[in-house]
Every structure is written in structure tokens, then in C-alpha cells.
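# Breakdown of the fold
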Amino acid sequence: MNKQAFNPFLPVGEYIPDGEPHIFGDRVYLYGSHDNEGGWTFCMGDYTVYSAPVNDLTDWRREGVIYRAAQDPDSSTERRYMYAPDVVQGNDGRYYLYYCMSGEFGFGGYYGPIQVAVCDSPAGQFEYLGYVRWPDGTPMKKYVCFDPCAFNDNGRIYLYYGTQYPDESNEILANDSEQMSEVMERYDKTAEEILSTPENVNGAIVAELEDDMLTVKGQPHHIIPYEADFGGHEFFEASSMRKVRDKYFFVYSSQYNHELCYAVSDYPDRDFTFGGTIVSNGDIGVNGVTEDCRMNMTGTTHGSIIEINGQWYVFYHRLTHKSDYSRQACAEPIEITPDYRIKQAEITSCGLNGGPLEGKGTYPAVIACYITNGNMPHGANKIFDHSFPNVTHETFPGRDTERFIAEISDGTLIGYKYFSFDEPVNISLTVRGEGDGKFLVFTDLKGEAVSELEIAPAADWQTVSAPISISAGTHPIYLIYRGTGMTALKDISFE
Ligand code: FUB
């Protein structure tokens with residue numbers, strides 16, 4: 001089998017969410033947070049970077065850890081996790097890393113300054129530089145200094161950040177006197193003023209920076225009016241800025257949380273108007289998929305768009321482990337029309353591959369782009385404990401870590417888009433568990449099954465095979481389990 005790119009496109013045991021792809025030289029680098037496999041809170045790892053040659057997106061290389069949370073002088077027991085970073089090249093040619101620190105489950109993440117580290121190369125060892133500051137050297141903490149991204153617009157440096165927490169967060173604030181005191185002090189406002197005027201702290205914010213990459217020029221301000229109506233897709237978090245020809249594209253995660261949206265302006269610092277949704281990690285909005293029938297468990301997503309070798313892509317993250325704390329980098333091709341519109345990308349198993357996956361060979365089952373029992377939850381900042389199908393892992397002494405889809409029960413649908421077949425094949429599934437029944441295989445969910453594979457309870461992995469009646473060409477492959485008990489799926493093969 002030729003080398004191919006799947007979704008997730010990094011090794012299946014790697015968890016880099018909040019991805020900001022950037023091209024430096026002839027490679028694309030992915031900067032992001034670092035979740036643990038089966039982690040119990042966000043961003044438990046140090047920043048680890050991968051890169052690939054711009055002309056071969058199947059060839060991702062682990063560059064290694066570029067920066068450790070312990071390098072941040074403010075790292076403390078309360079705020080020891082580094083959240084969603086971004087990297088920009090300064091006018092001096094050096095690479096500047098912007099990030100903020102948080103505690104468990106995001107607590108404390110809204111109250112610190114934005115921190116900066118620097119390095120001479122894009123994936124070398126970054127050193128702490130300082131916090132984003134006012135001209136008098138004091139930390140700049142205007143609005144919520146969260147999810148920073150930096151952008152060098154032909155020599156002018158802009159920093160974007162912020163959050164627009166939902167109104168119920170005000171209740172949390174109202175009931176947490178310590179957090180409330182911090183916010184009151186920062187904004188020099190009474191609790192009543194803060195609770196009644198959230199625009200004083202919320203929103204998508206821009207600050208221009210001096211060439212030192214630390215000092216704020218003028219006053220940070222909103223790039224979208226706080227009261228702007230984006231039809232439910234208003235800004236929530238995950239600021240990212242890109243230039244597309246002569247327009248500025250602000251990419252962000254909306255109030256829906258599972259989607260990346262874009263807003264467009266002629267200017268980098270004002271007048272952004274709503275564009276649309278670019279991608280949803282539940283595929284909500286594509287082909288009639290709604291929140292009630294999301295195609296995956298959903299939660300946060302965060303990412304950006306980038307043009308690589310003449311093709312635009314959206315980078316985003318998906319969820320695993322029934323949790324929002326083990327998120328993986330995915331990407332899909334997108335088109336930006338001459339009038340600056342982006343049609344929502346469908347989520348696939350083959351985003352960076354430049355076309356369908358070969359309909360032969362063995363694939364990890366976890367590259368499924370759809371995993372649903374018809375009632376998948378939305379779970380930002382949480383782990384679920386009720387049963388539903390999910391990507392997970394298990395470690396055994398003396399054996400490689402196994403990754404598979406677990407808790408597959410009667411009616412579970414697992415989907416792969418797309419495979420290209422040039423001849424009739426057999427399909428094989430590697431399964432184990434209590435499942436007693438069959439997997440039906442479809443290429444069209446409204447059509448007849450093209451194969452059926454019987455499975456029986458088995459404590460260890462068993463491979464079952466059957467011929468698949470399929471025409472030459474490109475097809476999705478959908479598996480639907482019908483039976484009793486729960487089963488797990490490790491591999492899917494065609495031969
Ligand atoms: O990764 C931690 C937080 O989750 C990020 O800061 C948010 O954007 C969300 O993705």
C-alpha cells in the first residue's frame with residue numbers, strides 16, 4: 001500500500017488539538033495544545049510539534065517537545081497547563097510562541113496574561129520571553145486573555161484573543177467570590193456592573209504589538225461588535241487569523257462549540273462580518289445532519305485554514321475517549337470561492353490524502369469519520385460515563401498499546417469516507433467482545449447492504465471476512481452492527 005494520509009493525520013496515539021498550521025520554509029508545522037491519551041483534563045502535555053513537507057502531506061515528522069509548561073515562570077499548581085498556542089515569525093526573523101496558562105478544567109484560564117516564548121527556528125527549543133504587557137511593563141490583561149493567536153501583516157504584528165462565555169458563566173462567577181474578586185479588581189468594576197454588562201470582558205479582541213512582540217500599541221478592542229448577530233454562530237473562542245488574497249479571515253469556534261466558523265473583513269482589526277461554518281466535528285450542517293443526529297460525539301474544536309501547495313485546507317480537532325480531553329488533529333480540503341465564500345467541509349477519513357484511500361490493505365478502525373449510535377452527546381469540558389461507541393485505547397504489559405472503537409452496540413454506525421476500489425474485494429474486520437450478531441456493510445445508507453459479516457463473542461481479537469459486492473470507483477464504507485452484546489473494532493481491511 002502506498003503511503004497515505006488519514007484522519008487523524010498524526011500517529012493514532014498522538015493528541016494535538018487546537019491546531020495552528022503554519023508554513024515556514026518548505027514545511028508545514030502544526031502548533032497546538034497537547035492532550036494526554038485518556039487524559040482527565042485539557043492540555044496535560046508539553047507543546048510538541050509535527051511538520052511535513054509542503055509537497056507531501058502524508059509524511060508528518062515528530063519534531064519533538066518545543067516548550068515545557070515548567071519553563072513558564074508563573075506555572076503553579078493552580079495554573080500548570082498550557083492552552084492553545086500560536087506561533088508567528090517576528091520582523092527580526094525569530095519565531096514567537098503565544099499561549100496562556102490554565103488550571104484543571106479551564107479554571108484560572110481566563111484571568112492570566114498572555115505569555116510569550118521565542119526561538120530562532122520554527123521547531124527548536126523555545127525560551128520564555130515574557131508576558132504581553134502595557135508600555136509601562138505591567139501585564140496586559142484587558143478582556144479575557146485566552147486562546148491567543150498572532151499574525152504578522154506585512155510587518156505589523158496583531159494579537160487576537162478572547163472568549164465570549166455564555167450567560168450561564170455569569171452565574172458561576174456570581175457564585176465564586178474568589179474569581180469574582182479577581183475580575184472586579186482587573187476591570188475596576190462592581191460585581192453588578194460585571195454581571196449586567198458582559199461585553200466589558202467578553203468578545204473577540206485584537207491588540208497591535210510593537211516589534212518587541214510583547215508591548216501593546218494603543219488599546220486592545222473588539223473586532224466584532226459585542227451585540228453582532230451571527231445567527232447563533234457568534235464567537236465563543238479559538239481566535240485565528242489568516243489572509244486570503246486581499247481579505248482578512250477570522251477563524252473561530254462558535255457558540256455551538258463543535259464548529260469552526262469564519263468572518264471576513266477588509267481590515268485586520270475591525271468590521272468583521274459573518275461568513276459561515278467551515279467544519280463541524282459532528283458534521284452538523286452537512287447533508288442534512290442536525291444536532292439531533294450528530295455523526296460523532298462533539299465537543300470543543302479549534303483550528304484554522306491554510307493554503308498548502310495551491311490547495312486550501314481546514315485544520316480542526318475531533319474527540320476520543322468519550323471526553324473533551326483527548327483530542328486529535330484532523331484536516332479537510334476546502335475551497336475559497338472568488339467571492340470569498342467557503343462551503344462547509346464534510347468530515348472524512350482521508351482529508352490530507354488528496355483523494356480517497358486505496359481500497360486495499362489494512363487500516364486502523366479508529367480512522368472512522370463517523371461513529372454514532374444515533375444519539376451521540378455534546379461534551380465540551382467533560383468526560384461521559386454512560387455507554388456509547390468511542391475511540392479508546394488499552395495498554396497491556398509487553399504489548400503495543402491497542403487503539404480501537406469500543407462500546408459498539410446494536411445499531412451503531414461506523415463510517416469511512418472514502419475508499420477507491422478498482423476490483424471486487426473481500427472486507428475483513430478485526431473484532432472482539434461480547435458482540436453476537438453481524439456487521440452489515442453499506443456504500444449508500446439508503447441502499448441495500450453490500451456485505452454481511454457474522455461475529456460471535458470472543459475474548460481476543462478475531463478477524464472475520466466476507467466478499468463485498470462493490471463496483472469499481474470511489475465509495476464510502478459504512479458498517480452497521482446488528483446484534484446483542486457490545487463489540488469492539490480494531491482494524492478494517494480490503495484484499
Ligand atoms: O485546549 C483547551 C481549550 O479547549 C482551548 O483553549 C479551547 O480553544 C478549547 O479547544
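Please refer to the structure higher up on the page.
Keep in mind the model is a prediction, meaning the values are calculated, not measured. (Residues numbered from 1 in each chain as written. Predicted model: local features only at pLDDT ≥ 70, side-chain atom pairs only at ≥ 80, totals over all residues. Heavy atoms only, no water.)

### Things to note about the site of the ligand
Going by this rule: Throughout, near means a residue has at least one heavy atom within 4 Å of the molecule or strand. Contacts described as polar in this section are N or O atom pairs within 3.5 Å, which, within protein, must combine one atom able to donate a hydrogen with one able to accept it, while residues neighboring in sequence count only if both atoms come from side chains. Accessibility throughout is a Shrake-Rupley quantity obtained with a 1.4 Å probe, and a residue counts as covered only by protein chains that appear here. By the convention adopted, Pro, Cys, Tyr, Trp, Phe, Met, Ile, Leu, Val and Ala count as nonpolar, Lys, Arg, Asp and Glu as charged, and the other residues, Gly among them, as polar.
Near the ligand, the surroundings consist of 13 residues, among which Asp18, Cys43, Asp147, His302 and Arg327 are the closest. Contact between the ligand and Arg327: an oxygen atom at 2.7 Å from a side-chain N or O atom of the residue. Protein contact buries 99% of the 280 Å² of open area that the ligand shows by itself. For the shell around the ligand, the class distribution of residues is 5 nonpolar, 4 polar and 4 charged.

### Here we look at the packing of aromatic side chains
The line we're drawing: Aromatic contacts are taken between Phe, Tyr and Trp rings whose centres are within 6.5 Å, Trp giving its six-membered ring; a plane angle under 30 degrees counts as stacked, one over 60 as edge-to-face, and the others as tilted. Helix and strand labels come from DSSP, where a helix needs a run of H or I of at least four residues and a strand needs a run of E of at least two; each type is numbered from the N terminus. The buried label goes to any residue with under 20% of its type's maximum accessible area, the exposed label to any with over 50%, and the partly exposed label to all in between, with areas taken from a 1.4 Å probe on protein chains only.
Tallying each qualifying case throughout the model produces 33 aromatic pairs. Taking 6.4 Å as the distance between ring centres and 50 degrees as the angle between the ring planes, the aromatic pair formed by Phe249 and Tyr340 counts as tilted. You can see Phe249 sitting in strand β16 (residues 247-254) and its partner Tyr340 sitting in the loop between β21 (327-334) and β22 (357-358), a full 91 residues away along the chain. Just as Phe249 is buried, Tyr340 falls in that class too. Taken together, the ring pairs connect Phe6, Tyr363, Tyr416, Phe419, Phe421 and Phe494 into an aromatic cluster.

### Thoughts on the environment of Asp460
Note the cut-off: In this analysis, two residues are considered to be in contact whenever any of their non-hydrogen atoms come within 4.5 Å of each other.
Among the secondary structure elements, Asp460 is positioned in strand β31 (residues 458-468). Measuring from C-alpha to C-alpha, the distance between Asp460 and Val366 comes to 18 Å, with 94 residues separating the pair along the chain. Excluding its chain neighbours within four sequence positions, the residues that come into contact with Asp460 are Arg399, Val431 and Arg432.

### Examining the sheet that holds strand β6 (residues 86-89)
Using the following cut-off: Two strands are counted as paired when DSSP detects at least two bridges linking them. Inter-axis angles, ranging from 0 to 180 degrees, are taken between N-to-C directions of lines fitted to C-alpha atoms, where helices are fitted over the stretch in contact.
Taken in spatial order, the 4 strands of this open sheet run β6-β7-β9-β10, and their pairing is antiparallel. Pairing within the sheet leaves two strands with one partner each, and these edge strands are β6 and β10 (127-131). On average, each strand axis in the sheet is tilted by 30 degrees relative to the strand beside it, whichever way the strands run. Strand direction decides the pairing type here: strand β7 (residues 95-99) and strand β9 (residues 115-119), joined by 5 bridges, are antiparallel. By the bridge assignment, Tyr96 is partnered in β9 with Val118.

### A word on the environment of Cys261
Checked against the element boundaries, Cys261 lands in strand β17 (residues 259-265). Between the C-alpha atom of Cys261 and that of Pro338, which follows or precedes it by 77 residues, the distance is 18 Å.

### Considerations on a nonpolar patch on the surface
Applied cut-off: Note on patches: the residues involved have over 30% relative accessible area and no salt bridge, like charges join within 9 Å, and the nonpolar side chains Val, Leu, Ile, Met, Phe, Trp and Tyr join within 5 Å. A side-chain nitrogen of Lys or Arg and a carboxyl oxygen of Asp or Glu constitute a salt bridge if their distance falls within 4 Å.
A cluster of nonpolar residues, Trp40, Phe105, Phe107 and Ile383, forms a patch on the protein surface that exposes about 400 Å² of accessible area. The topology assignment puts Phe107 in the loop between β8 (101-102) and β9.

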